[in-house]
Amino acid sequence: MMRLGLVCFFSFVWLSDCAPPTCYSRALDLSKEVMDLLDKIHTFHRTKTCAEVLPTIFIDVHNACITAKLRDLLYVVMNHPSQQCRERPRMVLLKRKVQSLHTIITRICYRDLVFFSDDCQAIDTGHSNPYYAEDRLQLLQEER
C-alpha cells in the first residue's frame, strides 16, 4: 500500500512539470532560439558570408515594432541573393523559426502579448532609449 502511494506521488510530481507552454513563454523561447541561431550563422565559417546580407536585429517580444522587423528579416532570408545560402540548413531553420515566431506574435498570441515600447531603433541597435509619457515628463520638469 505504501509503495502504491509513493508511485502515485512521484507520478503526480513528474506530471506537474509537464504543463504546456503558454503563448507568451513560447514566444520568449522562440525569440531566444532565433537570436542564438542568428549568432551561429554570423560566426560559423560556412554561413558567415550569408549573414552579411541579414539585417541586425535584437528581438524583444515586448516591443511593438517586432512584427515589422520580423517580417523584414523573413523577407531577406526568403529572398537571399544567393541560392546557395537559401539552401543552407541553418538558413532554412532560421526561415522556419522566424516564420513561426511571426505567426505566434501576429496571430496566435495577438491579444496575449503586451508591448511595453515602440522603439524601433532598439530592435536595430539593441539599446533602448527611455521613453517618458507626458505625466512622467511633467514630473521631471517640475523637479528641476
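Model, not experiment: these values are computed from the prediction. Note that residues are indexed from 1 along each chain, following the sequence as it is written. Only residues with pLDDT of at least 70 are given local features in this predicted model, and only at 80 or more are side-chain atom pairs given and counted; all residues enter the totals for whole chains, interfaces and linings. Side-chain numbers here rest on the full set of heavy atoms in the structure, without hydrogens or water.

Any two cysteine sulfur atoms within 2.5 Å of one another count as a disulfide. Evaluation of the coordinates by the stated rule reveals 3 disulfides. For cysteine 50, the disulfide goes to cysteine 85, at an S-S distance of 2.0 Å. When the S-S torsion is -85 degrees, as for the bridge of cysteine 50 with cysteine 85, the disulfide is left-handed. One end of the pair, cysteine 50, is in helix H3 (residues 48-51); the other, cysteine 85, is in helix H5 (residues 83-86), with 35 residues separating them in the sequence. Residue exposure (1.4 Å probe, protein chains only): buried if accessible area is under 20% of the type maximum, exposed if over 50%, otherwise partly exposed. Judged by its relative accessible area of 1%, cysteine 50 falls in the buried class. Put simply, cysteine 65 and cysteine 120 are joined by a disulfide, and their sulfur atoms are 1.8 Å apart. Disulfide cysteine 65 to cysteine 120: torsion about the S-S bond roughly -70 degrees, handedness left-handed. Here cysteine 65, found in the loop between H3 and helix H4 (66-78), pairs with cysteine 120, found in helix H7 (residues 120-125); they are 55 residues apart in sequence, far enough to count as distant. We classify cysteine 65 as buried; its relative accessible area is 10%. Put simply, DSSP marks the helices as runs of H or I at least four residues long and the strands as runs of E at least two long, and each gets a number from the N terminus on.

Between Lys or Arg on one side and Asp or Glu on the other, a salt bridge is scored when a side-chain nitrogen of the former is within 4 Å of a carboxyl oxygen of the latter. The final tally for this structure, using the stated rule, is 3 salt bridges. Aspartate 36 serves as the salt-bridge partner of lysine 32, at 3.2 Å between the closest nitrogen and oxygen. With lysine 32 and aspartate 36 both in helix H2 (residues 23-43) and 4 residues apart, this pair spans about one turn of that helix. Classification of lysine 32 by relative accessible area gives exposed; the value is 52%.

Moving on: the packing of aromatic side chains. Between rings of Phe, Tyr and Trp, where Trp is taken as its six-membered ring, a pair exists when centres lie within 6.5 Å; planes separated by under 30 degrees are stacked, by over 60 edge-to-face, and by other angles tilted. For the structure on display, the rule yields 0 aromatic pairs. Geometrically, a lysine NZ or arginine CZ counts as sitting over a ring once it is within 6 Å of the ring centre and also within 35 degrees of the ring normal. Seen from the ring of phenylalanine 44, arginine 90 lies directly overhead, with NZ or CZ sitting 4.3 Å from the centre.

The biggest cluster of nonpolar side chains holds 29 residues, and the ones touching the most others in it are Leu54, Leu70, Leu94 and Leu101. Contributions of two or more residues to this core are made by H2, H3, H4 and helix H6 (89-108). Of all the elements, H2 adds the most residues to this core, at 7 residues. Throughout, a residue-residue contact means that at least one pair of heavy atoms, one from each residue, lies within 4.5 Å. Dropping the residues within four chain positions of it, leucine 101 is found in contact with Ala27, Leu30, Ser31, Val34, Ile59 and Leu70. Nonpolar core, defined: a set of buried Ala, Val, Leu, Ile, Met, Phe, Trp, Tyr and Cys residues in which side-chain atoms within 4.5 Å join the residues together.

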